Each structure stands twice: as structure tokens, then as C-alpha cells.
Amino acid sequence: MSEAPEIRSPPVSCPPSQLHSPSLTRSPLLCSDDEEAPQRKTPKNSRTPRLSLTPRFITPLGSPVRRALRLTKLDPHDAWLPITESRNGNAYYAAFHTLCSGIGIQALVLPVAFTILGWTWGIISLSLAFIWQLYTLWLLVQLHESAETGMRYSRYLQLFNATFGERLGQLLALFPIMYLSAGTCIALIIIGGSTSKLFYQIACGATCTKVPLTTVEWYLVFTCAAVLLSQLPNLNSIAGVSLIGAVTAIGYCTSIWVVSVAEGRLPGVSYNPVSEGADFEHVFSVLNALGIIAFAFRGHNLILEIQATMPFSEKHPSSVPMWKGVKFSYAIIALGLFPLAIGGYWAYGHMVTSSISESNQRHRGIPANGGMLTALYAFHSQDVSQFVLGIPSLFIIVNAVSSFQIYGMPMFDYMESKYTVRMKKPCSLWHRVLFRTMFGYGCFFVAVAIPFLGSLAGLIGGITLPVTLAYPCFMWLKIKKPDMYTLKWWLNWGLGVLGMALSAALIAGGIYVVIHTGVEAKFFHPE
């Protein structure tokens, strides 16, 4: 009588990623009953059998664990860099950073766009632009984490390179992203220095006998404050600074339109849309107005960086608290921008444009792109107290210093990443101080050397516009691959193509303005 065959349990099938788990490599399930794993060598022609009756996703070591292991892929250098070295952010921090980066002094020029578009098209254009950029923000928040590859795309350029390749990233995305960071810091020095000079004139009064600082010296004072504050180590550490910047941004927007509306409409105000000369010139005027509205919304190049400061797990994705912070911050932004644009246009009408040149002829310290601030000072400097005039200027200065930190952080991160990749170690304190000081005073040098950079804002703004309105749509199409001819497919293709067309039109308009009106290039001569 033959002996019954020995019943042996088949080995459990496991993905290769799980075989490297410290607990699984010592598991008795990975070896047979009579053989010891350390002494056994797997034959070359062996194959791991599977349990044919048990699907892999039902096993205790199935897909949830495999996905959890896969979703922990991180760049080891991230722990050394200022954007990602601290990942304990939350929805409140996200709201502070998004609000500080999403609203700025460019919002004060919104009534100028209404002088060309009029009431109806001005409000429609502003509403559509707000919805459009909020939608692209949502796309970026959803694209931050990839369940397929297990990657967290912590930087805008990193996501663009992963989607379209490094060659297209260097060609299409590198300059706009770098300009939106470094170029904004340069503009903040010009705005902050000029407004500091104006605030000193208001505080000192007409009878002041002290010799005022020059414009360059005010630039330097502002830069020193910004560089000193930039020594905070990482993005999470400046959450309080962003909160102050957010409060002051809403403060000056609200105070300016409230005072303007409270003082009433100016006599002779007209609301008829301006039509300049030939149809060709009117088209470029309309494009300029649309550009003003589009440039009022900013900060898309920082959304992925802000989300990178949050913890992440499969059950608790970072997109949930991030989107909560974005929704809250943009509700506040809407409460600041819409009353500013509508109230400012109601109070000043077409006079908001004439006030800029008129006021700058009388007071050289007022920034030419001050918009509503310029109009407030030009028309109400004799009607309201110096305290009321000084508060918005002080808020603008504080907001500019705060915004410098969050817009400079991607550049700090970029410089430190080059160091860590080359040296294979984190930046020391002295290297970090050196990098950030060099960046701050480099921006100061450019602000002094090229003070007419604002004259090229339309041209450069057209180049950077796809970062906000077009690239997120194309990246979503490439990564998510929706079914063709569905609503999401048509929506993202339509918005992406329209964003690129608007960018090309604004570039053409910027070139026309430069050629037609000229640029008063005074190097090293800020006024």
C-alpha cells in the first residue's frame, strides 16, 4: 500500500516590493516547512505559484499595503530643502499662504480695465477670469499626488517636466516660473521702496525739514528688511508672515475702496467705454484690459509648493485640506477684488487713468502702477486725514515684505537643491544665509538697474500667463487621460487653447505698446 502524498502548502505570492519589508523577509510563509530560508537558493527555472482560487486583492497583503508602500516614494533630498523639509502643514497654513500669494498691488489697477470694457463686460470678464483660474487651481491640487506612480510633485516645474519631459520644461516653463518668483520679488522691491517713500512724505508732513532719502536708498531699506526676514528656514516657518501679509492685503484693498466710495463720486464722472482711435488700436486696448484682469490673479506657481508642506497618507490625501484652504482664501480674495474694482470704477470712472499721470507729476514718490492708491491720493489728499492716507501705504509695505518671503522661497529651494545634489549633504546655516542674502541683494541690483521693468509687464505677463490658465489644463489631460469628446475633455482642451491664444495676443499687444509708445529706458535711475 503506497503512502499518501505529503500535503504541502504552496508559498504565498507577494509583489517584489513587499519582499523587502523587514517583517515579511522573516515570515515563515515565504519558505517551506522543512527548508530554512537562509540556506535555500532558488533554482533559476523556478516560478512562484499563485493561489488560483484567491484573487490577489483579497489577500491580507493585497493592494492597500502595496499602494501604501508605493505611495511613499520621496526624493531623499526633499528632507534637506526649504519647501519640503517640514511637512506638518494644515488647511490654515494653506489658506494663509494662498491668500498672501494670491492678492497683491496689481489688484489696484482693476478699475482701469473697466474704463475700456465698461460695466457689463468688465464684470463679466472679471467673473469669468475668477472662475477660470479657480478651476485651474483645483486641477493643480488634484495633480499634486499620483496614485499610479506614487510620486508627490512638490514643485510646478517638477510636475511639468514629469508630464511633458525636461526638454519642453526648459523651453516653455522654466522662464515663466523663474520670472514669477524672482521677477515678482524685483517688482516688490520697486513697489515697497516707492511706497515707503510716499509713506514717509505723508508721515513727515509738508512742513518737514529733514532731508528725505532717495528712491535708491528706500529700495535698500526695504531690501534689508526683506533679506532679514528671509532667513526663516522653510515654507512652514513663514506661515505667520503669510498671515500678516494676507491681513494687510485685504486691509489696503478694503480701506482704499471704502474711503473712495464714502467720499462719493467725483463731479463729471463718465462710465462710457473708452474707444481709442482706429479699430486696430481699440483691439489692443481691449487686450490690455483683459491682461489687467488676468494679471490680478497670481500664485498658481506656488500652489504645489504650498501643498508639499502637508502630510500625506492613502486615507488622508493632502488634496483635502489643501482645497479647503484654497476655497477659504479665494472667498476672501473675491470679497477684496470685486468691491475694489466695482467701487473704484464707480467713484472715479475714467478719471482713475488720468489721476496716475497727474499725481505722479506732483508727487514723484507715488508708484506709477498704484492705480487706486494713486487716485485716492490725487483726488482726496485734501479731503481726508493724513492717517487715513497713510494706513493703506503702510499696509502695502508690510504686504510687500511678507509676499517677498513666499515668492522668494522657490528660488531659495532651487539654489539649495543645486548645492545638495552636488555636495550630497544639506546646506549649512551659513550657506543658507549666503544664498538668500545674495538673492535679495541681486533683486535689489536689478530693481535699481532696470527701474522701467514695469513698462514691460504686459509683454512678460503674456509669456507667464499659460502657467495660470493653460498649462494646468494640458497637464491634466496628459496625466488623467479622460475619454475623448467627453465634457472634461472638451473643457480642458478649450480652456488650454484659449489660454494659449490669450497669451499670444497679450504678447503681441505688449510688443505693439513697446513699439508704439516706446520705453523710457533709464538705467540706474529710479524715480
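Each chain carries its own residue numbering, running from 1 in the direction its sequence is written. The predicted nature of this model means local features are confined to residues of pLDDT at least 70 and side-chain atom pairs, given and counted, to a pLDDT of 80 or more, with totals for whole chains, interfaces and linings taken over all residues. In computing side-chain values, all of the structure's heavy atoms are included and hydrogens and water are not.

Q: An account of the packing of helix 6 (residues 166–204) against helix 14 (residues 386–423) is needed here, citing residue identities and associated values.
A: Their axes nearest at 8 Å, the elements helix 6 and helix 14 cross at an angle of 155°. Here helix 6 lies roughly antiparallel to helix 14, going by the angle between them. Where helix 6 crosses over helix 14, the two elements pack in a sense that is left-handed. Across the contact of helix 6 with helix 14, the residue classes break down as 19 nonpolar, 10 polar and no charged. Angles run from 0 to 180 degrees between N-to-C directions of axes, and those axes are lines fitted to C-alpha atoms, restricted for helices to the stretch in contact. Here a helix means four or more residues in a row that DSSP labels H or I, a strand means two or more in a row labelled E, and each is numbered from the N terminus. Relative orientations are named as follows: roughly parallel for angles under 35 degrees, roughly antiparallel for angles over 145 degrees, roughly perpendicular for angles from 65 to 115 degrees, and oblique for any other angle. Should the near helix be turned anticlockwise from the far one by less than a right angle, the crossing is left-handed, and should it be turned clockwise, the crossing is right-handed. Polarity classes work like this: nonpolar for Ala, Val, Leu, Ile, Met, Phe, Trp, Tyr, Cys and Pro, charged for Asp, Glu, Lys and Arg, and polar for all others, with Gly in that last group.

Q: Tell me what's going on with helix 14, and back it up with residues and numbers.
A: Here, expected helix span is obtained from the residue count minus one, scaled by 1.5 Å. For helix 14, built from 38 residues, the straight-helix expectation of 56 Å at 1.5 Å per residue is met to within 8% by its first-to-last C-alpha distance of 54 Å. Two axes are fitted around each residue, one to the seven residues ending there and one to the seven starting there, and the angle between them is reported as the bend at that residue. At Gly-408, helix 14 is bent by approximately 35°, the largest bend along its length, and proline Pro-410 sits one to four residues beyond.

Q: Can you tell me about the pattern of salt bridges, naming the residues and giving the values?
A: We count a salt bridge whenever a side-chain nitrogen from Lys or Arg sits within 4 Å of a carboxyl oxygen from Asp or Glu. Tallied over the full model, the rule gives 6 salt bridges. Notably, a salt bridge pairs Asp-78 with Arg-87, separated by 3.6 Å at the nearest N-O pair. Accessibility here uses a 1.4 Å probe with only protein chains present; expressed as a share of the type maximum, an area under 20% marks a residue as buried, one over 50% as exposed, and anything in between as partly exposed. The exposure class assigned to Asp-78 is buried, which follows from its relative accessible area of 10%. As a salt-bridge pair, Arg-155 and Asp-78 come within 3.6 Å of each other at their nearest N and O atoms. Note that Arg-155 is positioned in the loop between helix 4 (110–143) and helix 5 (156–164) and Asp-78 in the loop between helix 2 (63–70) and helix 3 (91–102), a separation of 77 residues in sequence. The exposure classification of Arg-155 matches that of Asp-78, with both residues buried. Shared partners join several salt bridges into a network, and the residues in it are Asp-78, Arg-87, Arg-155 and Asp-413.

Q: I'd love a proper account of the packing of aromatic side chains, names of residues and values included.
A: In this description, an aromatic ring pair is defined by two values, namely the gap between the centres and the angle between the planes. Aromatic pairs are defined between Phe, Tyr and Trp rings, using the six-membered ring for Trp, whenever the two ring centres lie within 6.5 Å; interplanar angles under 30 degrees are classed as stacked, those over 60 as edge-to-face, and all others as tilted. The tally for this structure, following the rule as stated, stands at 23 aromatic pairs. Of the aromatic side chains, those joined through ring pairs into one cluster are Phe-474, Tyr-485, Trp-489, Trp-490 and Trp-493.

Q: How would you sum up unusual backbone geometry? Please name residues and give values.
A: We note that Lys-424 has phi near 60°; this positive angle belongs to a residue other than glycine. Given a relative accessible area of 59%, Lys-424 falls into the exposed group. One non-glycine residue, Tyr-485, lies in the positive phi region at around 70°. Mapped onto the elements of the fold, Tyr-485 is located in the loop between helix 17 (471–480) and helix 18 (487–517). We classify Tyr-485 as exposed; its relative accessible area is 57%.

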